Amino acid sequence: MLSSRGLPPLQAWKTEAMKQSSTSRVCRDNSFTSNQPQKARLRIVLFLLAIPLLLALSLLFGPSGIGLPDMNSPAGGAILSLRYSRLLMGMMTGAALSASGVVFQALLRNPLAEPYVLGVSGGAGLGATISILAGSSVILSLSLPVVAFVSAVLTLMVVYGIARQGSSGQPSVYSLILSGVIVSSICSSIIMFMVSTASVEGLHNVIWWMLGSLQPVSTGQQLLSLGLIVSALFGIWLLSPRLNALALGREMAHYQGVHADLIIVSGLLCATLLAATAVSLSGMIGFVGLIVPHVMRALFGPDNRRLVPLSALGGGTFLVLCDAVARTIMAPVEIPVGVVTALAGGPFFLIILQHRMKQAWIA
Amino acid sequence: MSENALTFDNVSAGYKERVVLDGVSFAIAEGEFVSLIGPNGCGKSTLLKTAAALLKPLSGTVELFGQDVRHLKPAVRASLLGVVPQKIDSPMAFTVSQIVMNGRISSIGPWGSPSPLDHDIVERSMIYTDVSELRDRFFTELSGGEQQRVALAMVLAQEPKIIMLDESIAHLDINHRQEVLQILMNLNREKRMTILLVSHDLTLSAGISDRFLLMDKGALIKAGTPAEVLQADLLSRVYNCELRVQQDPYTGYLQVSGAQDTLRRRRKLGKTVHVIAGGGSGLELYRRLLIEGYEVTTGVLNRLDSDAEAARALNIRAVLEQPFSPVGSDAISEASTMIDAADYVILSSVPFGSGNLVNLRLAEGALNNGKTVLLASDIAGRDYTEGKAALALSKRMLSAGAVNWQTIPELMSMLQQHHTLNP
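Rules used in this analysis
- Residues numbered from 1 in each chain as written.
- Chains lettered and ligands numbered in written order.
- Predicted model: local features only at pLDDT ≥ 70, side-chain atom pairs only at ≥ 80, totals over all residues.
- Heavy atoms only, no water.
- Helix = DSSP H or I, 4+ residues; strand = E, 2+ residues; numbered from the N terminus.
- Rg over C-alpha atoms; globule rule 2.2 N^0.38 Å.
- Buried < 20%, exposed > 50% of the residue type's maximum accessible area, 1.4 Å probe, protein only.
- Contact = heavy atoms within 4.5 Å.
- Areas by Shrake-Rupley, 256 points an atom, 1.4 Å probe, with all protein chains shown as cover.
- Lys, Arg positive; Asp, Glu negative; His and termini not counted.
- Charge placed at Lys NZ, Arg CZ, Asp CG, Glu CD.
- Pairing = 2+ DSSP bridges.
- Axes fitted to C-alpha atoms, helices over the stretch in contact; angles between N-to-C directions.
- Expected span 1.5 Å × (residues − 1).
- Right-handed = clockwise from strand over helix to strand, strands pointing away.
- Phe/Tyr/Trp six-rings, centres within 6.5 Å; stacked < 30°, edge-to-face > 60°.
- Lys NZ or Arg CZ within 6 Å of the ring centre and 35° of its normal.
- Salt bridge = Lys/Arg side-chain N within 4 Å of Asp/Glu carboxyl O.
- pLDDT = per-residue confidence, 0-100.
- Domains from an automatic or database assignment.
- Buried area = accessible area lost by both parts, 1.4 Å probe.
- Polar contact = N/O pair within 3.5 Å; in protein donor to acceptor, adjacent residues only side chain to side chain.
- Nonpolar A, V, L, I, M, F, W, Y, C, P; charged D, E, K, R; others polar.

Caption draft 1: Layout of the overall build of chain B. The helix and strand inventory of chain B stands at 16 helices and 18 strands. Computed over its C-alpha atoms, the radius of gyration of chain B comes to 28 Å, more than 25% above the 22 Å expected for a compact globule of 423 residues. Projecting the C-alpha coordinates of chain B onto the three principal axes gives extents of approximately 85 × 45 × 45 Å. By the burial criterion, 55% of the 423 residues in chain B qualify as buried. Pairs at least 24 apart in sequence give 64% of the contacts found in chain B among residues at least 6 apart. When the accessible area of chain B is evaluated, it comes to approximately 18,300 Å², of which 50% is carbon and sulfur surface. Each charge class in chain B can be summarised by its mean position, and for the 41 positive and 47 negative side chains these summaries are 2 Å apart.

Encoded structure:
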């Protein structure tokens, strides 16, 4: 029996424990109310209730006007189904980017980590650009996530390989981030070069895709991406208790019986798959993968078992709302959704972080 | 006959291009309380990492309860062995109870969440280490000592059969240090938990340990009871300083302390030592002589020699000659004035060639003038002069009353004895 070993029987301590916890509740001062589990649970319930409302709200926005389209006309039905598709695109992309950010931040134990910083998005973007410029559009749409994933993994391996030079064993987080930033900017330079020398017909596709938008892609690609994203999210959710153990570093996780290197590699692969799929779906949308995990951590604490699903939901909803604004605010002109995520989301998130940064990271 | 909890069989381990552990063999029986001691950087932490299979041994085998650690599944290993590292840190704002729950991670299956039993074990570990009042505080906000107790709670929650602590009690205040040691002793005595404690507090460890393991420079120097290992001359040699071992008249415990008069001798001694060195052989001498409170002069050294650089940095008066040149007459006369003013002349283990042989002649001159001259032993191995002139010269000096020295601690006590006899 477990309790027969190690420590004295529980009963002897139980009364003591009750006494202790009741006194501690009294003397606990107000500055720590925020990490009480009850309040966090209430916050989660409110958050989960708000999501369907916000998503429904996004369906009311579009270049044809604010409010539900006239459902009696054939155009009305088409408009609504278009808005549905964009909602699905936004949920997929936002969820993938945010969850991938959560994993990168947890694995590297660094608030700067995200798909862009590690060069993963840049690599995926490069792969996608090459295949858009080279390929034909039908096969392309299905191969795009795969090409993006392969090139993102290759980029990650290059980043890891560079960072590992000169370090004994595991590369440090700082060298990973530094080489990630460098490789990332090399990738975007190559993209720029290819765009500037591309033929006119390919150019339109690439530019449109690079700016980042939630224009629906082919049904086949949507289904494939959905499958990839859901399985990667599930994988991450399975890893999440072990990601918590890794918060104390690889060494401590190892001592606690976590197969640390296996968790790190599978975590990196899942996060890369998410980021690459998001990039292949919607182009280069920045900001979501970095900031949503921070805000979710600030609101709900750093426990990855909660953080992974909540960030996926929160990131998806956030992107859907931003897209609703992007397609409405200057209708009929649609502005890139990345502009809205940064311009509207930035200040909002900064306010939250300023008040609740302590709940997320302690510098 | 109890089973061995931890066995090292001729284990060498280390990092890329740097072997830290060199052929270490020992066994710890189940239920033993063992202290692992040794100077900084001698390989204690590497030994713990190797025991926990964080580092793969380059050769040899490590066994936990008779099983090779390399072949243990991580979860099984964690149920046998818990490690409390020197320091743990979490950049993210986990609360204390979340951190302690990490100790159960390998018992929670891939699908499940913590069971009531897991919560009970976490609760008990927190009470045991007196951190349950901190349960909702952020781990990172705690003081170093509180963090250490949380770390211990986390490892206790693992319910391992052997716990290794890496200098983990160093940050604790005296109350909690006693308390944590009491916890460890209780676990050891009542539950036969095996404890391996890396410690720098030799006196404290002497009171609680069944056995000591003494390491130096990656090798296991001595293993045995506290009385067998805590020998003043052995410790003084390993720690490279003068130490004293006494038995407490009331408790019978051994007490290790720096020799009291060494500590008291911080003031200037009013004694001057002239050091003849070169090529880096003087640095440790300069350092120790200055710490002991001597006035130090040195020379003749060539400029750019590492000892000349060290002397400049340490503000030691030095006679210098141009780089790569034989010592000239100006320098010689300056050095002999300096030697005249000194009470002792010490020769380091500097190699002698035709260029610096004159330094040895200066020392002989000082000896003939009645100075005490101390020569580093084994000059034959570093005599590069034609016809072994330096060796001959040193033999002549030894027969004329110069003294041989082997180690710096020995040299220091020789000096000390000498000037207490001749104030």
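Caption draft 2: Highlighting the sheet that holds strand S4 (residues 59-64) of chain B. Residues and elements named next belong to chain B. Taken in spatial order, the 4 strands of this open sheet run S2-S1-S4-S5, and their pairing is antiparallel. In this open sheet, the two edge strands, each paired with only one partner strand, are strand S2 (18-29) and strand S5 (67-68). The pairing of strand S1 (residues 4-15) with S2 spans 8 bridges and is antiparallel. Looking at S2, one finds that Thr 7 is bridged to Ala 27. Against the sheet, helix H1 (residues 44-51) touches S1, S2 and S4, its axis set at about 115° to S1.

Caption draft 3: View of helix H6 (residues 174-191) of chain B. Residues and elements named next belong to chain B. Between the first and last C-alpha of H6 there are 25 Å, a value that for 18 residues agrees with the 26 Å anticipated at 1.5 Å per step. Of all the positions in H6, only His 176, Val 180, Leu 181, Ile 183, Leu 184, Met 185, Leu 187 and Asn 188 are classed as buried. Elements in contact with the buried residues of H6: strand S3 (33-37), helix H4 (116-128), helix H5 (144-157), strand S7 (162-166), strand S8 (194-198) and helix H7 (202-208). Residue Arg 192 follows H6 closely and has a positive phi angle near 55°.

Caption draft 4: Region of interest: the pairing of strand S14 (residues 295-302) of chain B. Residues and elements named next belong to chain B. By the criterion of burial, S14 is predominantly enclosed, with 6 of the 8 residues buried. Two strands pair when backbone bridges link them, and strand S13 (residues 272-276) and S14 are joined in this way by 4 bridges, in the parallel orientation. Looking across to S14, one finds that Val 273 is bridged to Val 296. Taking the sense of rotation as the criterion, the β-α-β connection linking S13, helix H11 (residues 283-292) and S14 turns out right-handed. Pairing of S14 with strand S15 (residues 317-321), which is carried by 4 bridges, proceeds in the parallel orientation. Each residue of the ladder has a partner; that of Thr 298, found in S15, is Ala 318. A crossover links S14 with its parallel partner S15, the connecting element being helix H12 (residues 306-313), and its sense is right-handed.

Caption draft 5: Layout of the environment of B:Ala376. Residues and elements named next belong to chain B. When you line up the elements, Ala 376 lands in strand S17 (residues 372-376). Residues Ala 376 and Trp 405, spaced 29 residues apart in sequence, show a C-alpha to C-alpha distance of 5.0 Å. Look past the residues within four positions of Ala 376 in its chain and what remains in contact with it is Leu 347, Ser 348, Ser 349, Arg 382, Asn 404 and Trp 405.

Caption draft 6: Summary view of the pairing of S13(B). All names here are of chain B. Across the 5 residues of S13, 5 count as buried, placing the element largely inside the fold. Burial of the side chains of S13 extends over both faces: Thr 272, His 274 and Ile 276 are buried on one face and Val 273 and Val 275 on the other. As paired strands, S13 and strand S16 (residues 344-347) are joined by 4 bridges and run parallel to one another. When the bridges of S16 are listed, Val 273 appears paired with Tyr 344.

Caption draft 7: How the structure looks around the packing of aromatic side chains. Residue and element names in this part refer to chain B. Enumeration according to the criterion identifies 3 aromatic pairs over all chains in this entry. Here the aromatic rings of Phe 8 and Phe 26 are separated by 4.8 Å at their centres, their planes lie at 15°, and the arrangement is stacked. Within this pair, whereas Phe 8 is found in strand S1, its partner Phe 26 is found in strand S2, the two being separated by 18 residues in sequence. The class for Phe 8 is buried, based on a relative accessible area of 2%. Across from the ring centre of Phe 65, 4.5 Å away, lies the NZ or CZ of Lys 161, which sits over that ring.

Caption draft 8: Expanded view of the pattern of salt bridges. Summed over all chains, the structure comprises 17 salt bridges over all chains. Between A:Asp303 and A:Arg305 there is a salt bridge; the shortest N-O distance is 2.9 Å. For A:Asp303, a relative accessible area of 7% corresponds to the buried category. B:Asp130 serves as the salt-bridge partner of B:Arg149, at 3.8 Å between the closest nitrogen and oxygen. Placement of B:Arg149 in helix H5 and of B:Asp130 in the loop between H4 and H5 is noted, with a sequence separation of 19 residues between them. Overall, the relative accessible area of 7% leaves B:Arg149 in the buried class. For B:Asp130, a relative accessible area of 31% gives the class partly exposed. Several salt bridges share partner residues, and in doing so they unite A:Arg86, A:Asp323, A:Arg327 and A:Glu334 into one network.

Caption draft 9: Here's a closer look at the confidence of the model for chain B. On average, residues of chain B score 86 in pLDDT, and 96% of them reach the 70 mark or higher. The weakest mean pLDDT in chain B belongs to helix H10 (residues 260-264) of chain B at 50; the strongest belongs to S16(B) at 94.

Caption draft 10: Summary view of the domain arrangement of chain B. All names here are of chain B. Structurally, chain B comprises domain 1 (4-259) and domain 2 (265-421). With centres defined by C-alpha atoms, the gap from domain 1 to domain 2 works out at 45 Å. Roughly 310 Å² of surface becomes buried between domain 1 and domain 2 when both sides are summed, with 38% attributable to carbon and sulfur atoms. On the domain 1 side of the interface with domain 2, the three residues burying the most area are Asn 240, Cys 241 and Glu 242, jointly 88% of the side's total. The interface formed by domain 1 and domain 2 contains 0 salt bridges. Run the count over domain 1 and domain 2 and you get 0 residue pairs in polar contact (both at pLDDT 80 or more). A class-by-class count of the residues in the side of domain 1 that touches domain 2 yields 1 nonpolar, 2 polar and 1 charged.

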